[in-house]
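Coordinate inspection notes
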Amino acid sequence: MTEPKIALGTWAWGDTASNRYFGDTLSAASLKPVVTAGMAHGFTLWDTAYAYGQGTAENLVGELLAPYPRESYQLSTKFTPRMAGTGDHEMADMLAGSLRRLRTDYVDLYWIHNPDDVEKWTPELIPLVQSGKVKRVGVSNHNLAQIKRANEILGKAGIQISAVQNHFSLLYRSSERAGIIDYCQEHHITFYAYMVLEQGALTGHYDVDHPLPAGSERAKVYNAALPQLTKLTAAMKAIGERQNASIAEVATAYALAKGTTPIIGVTKEKYIASELRAEKVSLTPAEISQLENLAAQTQVDTKGFWEAPMV
Ligand SMILES: NC(=O)c1ccc[n+]([C@@H]2O[C@H](COP(=O)([O-])OP(=O)(O)OC[C@H]3O[C@@H](n4cnc5c(N)ncnc54)[C@H](OP(=O)(O)O)[C@@H]3O)[C@@H](O)[C@H]2O)c1
C-alpha cells in the first residue's frame, strides 16, 4: 500500500473528562463521519498512541476502523518509555495492549515515542519486527545523533528505521535546522511532521478574540502567543485566498512543500475536505520565505513540554 501524502492524528481523541488536553471530549459517534470521509478520500494512515488518554484514542481507532478490511488502512502507534514499568518485556506488553485496543494482530508502524534511553529501548523493537507484529519501525522526538544510533542498533539485525516523527511547523523548524529532514530525505526515511497546525493556533479558527478552549492544556500553551501570531496568520490568509485555501490549508501545504508528511489531528468531518484541498495548494519560494520570515518575527517558541531541543 502506498503511503498517503498526509497522515491523520488522533491525540485529541484521547481527551477524557479528567484529562482535557484539547478541551473537547470526542465520542465514537462524532468521530465516525471523520473516519468515513478519511477512508473515502484515501487518508488511510492513522497515527495514535497508548499515551493518548491511556488507550482511549486507540480504542476509538480500533472501533471505527473495524468495519474496513485490515489491508485498506495503516495503523501507526507508539511505545512511550515514560509510561513503561520495570518489567522485562515492557515494550512487548505495551504493544500487546495496543493490538488488543486496535483490534488487530499487527501494526504497520511502531514508534519509540521519546528518546529517553536509546540503548535500552531500541533493541526491544527487533523481536517485535521479527514476530511480524510490527511491519516498520520509527523513532519520534529523537535528535540526529539518536536517530543514527538507533539505526546502528537495528542495523545489526538487518532492520532500518523507516520513519521519523517530530514537531515541525512554520513556528517550529528545529528538525530542519538540525539537518534531520535532509538526513531523512537522503536515507529514504519518511519524515512525519506533527503539530503542523500548532494544535489550532495556525488555523485562523482561534485568534485574540476567539481563544483556544478555556481550561484546556493547549489554551495554556497558545493563548498567550495569539497576539504575536496576528501578522503571520494574516499573511497566510492572504496567500490562501489566492487559491481558495484556508489558513490551516496553507500551514499544511507548507509542511508538504518542505518534503514532509504532515500528521494532521482531525476532530471534525469537514477537516478531511480541507486536507484534500491542502494537497492542491502550491506555495512559491517567495511565499514560503515571506511566511518563514514572519514566523521568525513572532519569536514564539512552541516546543512541547515533552520535547528536547534538536540542536
Ligand atoms: N510523537 C509525538 O510526540 C507527537 C506529539 C504531538 C502530536 N503527535 C501526532 O500528531 C498529530 C497532530 O498533532 P495535534 O493533533 O497535536 O495538532 P495539530 O495537527 O497541529 O492540530 C490539530 C487541531 O487543529 C484543528 N484542525 C485540524 N484540522 C483542521 C483544519 N483542516 N482546519 C482547521 N482546523 C483544523 C483541530 O482543532 P479543533 O478541534 O479545536 O477544531 C485539531 O484538534 C496528533 O494527533 C498525533 O497523532 C505526535
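These notes cover the structure that comes with them. (Residues numbered from 1 in each chain as written. Predicted model: local features only at pLDDT ≥ 70, side-chain atom pairs only at ≥ 80, totals over all residues. Heavy atoms only, no water.)

**Notes on the overall build of the protein chain**
Of the regular secondary structure elements, the protein chain holds 13 helices and eight strands. Computed over the C-alpha atoms, the radius of gyration of the protein chain is 19 Å, within 12% of the 19 Å expected from 2.2 N^0.38 for a compact globule of 311 residues. Viewed in the frame of its principal axes, the protein chain has a C-alpha envelope of about 50 × 40 × 35 Å. Out of the 311 residues in the protein chain, the part that is buried amounts to 57%. Of the contacts formed within the protein chain by residues at least 6 apart in sequence, a portion of 79% connects residues at least 24 apart. Element-wise, carbon and sulfur atoms account for 52% of the exposed surface of the protein chain, whose accessible area totals about 13300 Å². Between the centroid of the 29 positive side chains of the protein chain and the centroid of its 33 negative side chains there is a distance of 2 Å. (Helix = DSSP H or I, 4+ residues; strand = E, 2+ residues; numbered from the N terminus. Rg over C-alpha atoms; globule rule 2.2 N^0.38 Å. Buried < 20%, exposed > 50% of the residue type's maximum accessible area, 1.4 Å probe, protein only. Contact = heavy atoms within 4.5 Å. Areas by Shrake-Rupley, 256 points an atom, 1.4 Å probe, with all protein chains shown as cover. Lys, Arg positive; Asp, Glu negative; His and termini not counted. Charge placed at Lys NZ, Arg CZ, Asp CG, Glu CD.)

**Details of the side chain of arginine 218**
Mapped onto the fold, arginine 218 is located in helix H9 (residues 217-222). From its side chain, arginine 218 meets the backbone oxygen of phenylalanine 22 in a polar contact 2.9 Å long. Arginine 218 has contacts with Tyr21, Phe22, Asp24, Gln199, Tyr206, Leu212, Pro213 and Asn223, leaving out every residue within four places of it along the chain. (Polar contact = N/O pair within 3.5 Å; in protein donor to acceptor, adjacent residues only side chain to side chain.)

**Observations concerning helix H1 (residues 28-40)**
Relative to the 18 Å expected for 13 residues at 1.5 Å per residue, H1 spans 18 Å between its end C-alpha atoms, a close match to the ideal helical length. Restricting attention to buried positions, one finds in H1 the residues Ala28, Leu31, Val34, Val35, Ala37, Gly38 and Met39. Check the buried side of H1 and you find it contacts strand S1 (7-9), strand S2 (45-47), helix H2 (56-65) and helix H12 (270-278). Glycine 42 sits one or two positions beyond H1 and adopts a positive phi of about 85 degrees. (Expected span 1.5 Å × (residues − 1).)

**Re the site of the ligand**
Taken together, 31 residues lie around the ligand, and Asp47, Tyr206, Arg218, Thr267 and Tyr271 are the ones closest in. Here a nitrogen atom of the ligand and a side-chain polar atom of glutamine 165 are 3.2 Å apart. One of the side-chain N or O atoms of serine 274 is found 2.9 Å from a nitrogen atom in the ligand. When the ligand sits alone it has 890 Å² of accessible area, and the protein chains cover 97% of it. Elements with a contribution of two residues or more to the shell around the ligand: strand S8 (261-265) and H12. Per-class residue counts for the shell around the ligand are 13 nonpolar, 12 polar and six charged. (Near = heavy atom within 4 Å. Nonpolar A, V, L, I, M, F, W, Y, C, P; charged D, E, K, R; others polar.)

**Some details on the nonpolar core**
Ranked by internal contacts, the top residues of the largest apolar core, which has 98 residues, are Trp13, Trp46, Tyr110, Ile180, Leu232 and Met236. Element by element, the count of residues in this core is highest for helix H11 (residues 247-257), at eight residues. For methionine 236, the residues in contact, after removing those within four places along its chain, are Leu170, Leu202, Ile247, Val250, Ala251 and Leu291. Leu45, Ala163, Tyr192 and Ile263 belong to the second-largest nonpolar core, a separate cluster that totals seven residues. (Core = buried A, V, L, I, M, F, W, Y, C linked by side-chain atoms within 4.5 Å.)

**A look at the packing of H11 against H12**
At a minimum axis separation of 9 Å, H11 and H12 run at an interaxial angle of 50 degrees. With respect to their mutual orientation, H11 and H12 come out oblique. Crossing angle aside, the handedness with which H11 passes H12 is right-handed. Residue-level contacts link Glu249, Thr252, Ala253 and Leu256 of H11 to Ser274, Glu275, Arg277 and Ala278 of H12. Partitioning the contact of H11 with H12 into residue classes produces three nonpolar, two polar and three charged. (Axes fitted to C-alpha atoms, helices over the stretch in contact; angles between N-to-C directions. Parallel < 35°, antiparallel > 145°, perpendicular 65-115°, else oblique. Left-handed = near helix turned anticlockwise from the far one by under 90°.)

**Remarks on the packing of aromatic side chains**
Under the counting rule described, the total for this entry stands at 12 aromatic pairs. With centroids separated by 5.9 Å and ring planes inclined at 15 degrees, the aromatic side chains of phenylalanine 168 and tyrosine 254 adopt a geometry described as stacked. Here phenylalanine 168, found in the loop between strand S6 (161-167) and helix H7 (174-177), pairs with tyrosine 254, found in helix H11; they are 86 residues apart in sequence, far enough to count as distant. Relative accessible area serves as the criterion here: at 1%, tyrosine 254 is assigned to the buried category. When the ring of tyrosine 194 is compared with that of tryptophan 306, the centres are 6.5 Å apart and the planes differ by 40 degrees; the resulting orientation is tilted. Taken together, the residues span a long stretch of sequence, with tyrosine 194 in strand S7 (residues 190-194) and tryptophan 306 in the segment after helix H13 (285-298) at a distance of 112 residues. Tryptophan 306 matches tyrosine 194 in its accessibility class, with the two residues each being buried. Put simply, the rings of Trp11, Tyr21, Phe22, Tyr52, Tyr194, Phe305 and Trp306 pair up and form one aromatic cluster. Between arginine 70 and the ring centre of tyrosine 106, over which it is positioned, the NZ or CZ distance is 3.9 Å. Over the ring of tryptophan 121 we find lysine 120, and its NZ or CZ is 4.5 Å from the ring centre. (Phe/Tyr/Trp six-rings, centres within 6.5 Å; stacked < 30°, edge-to-face > 60°. Lys NZ or Arg CZ within 6 Å of the ring centre and 35° of its normal.)

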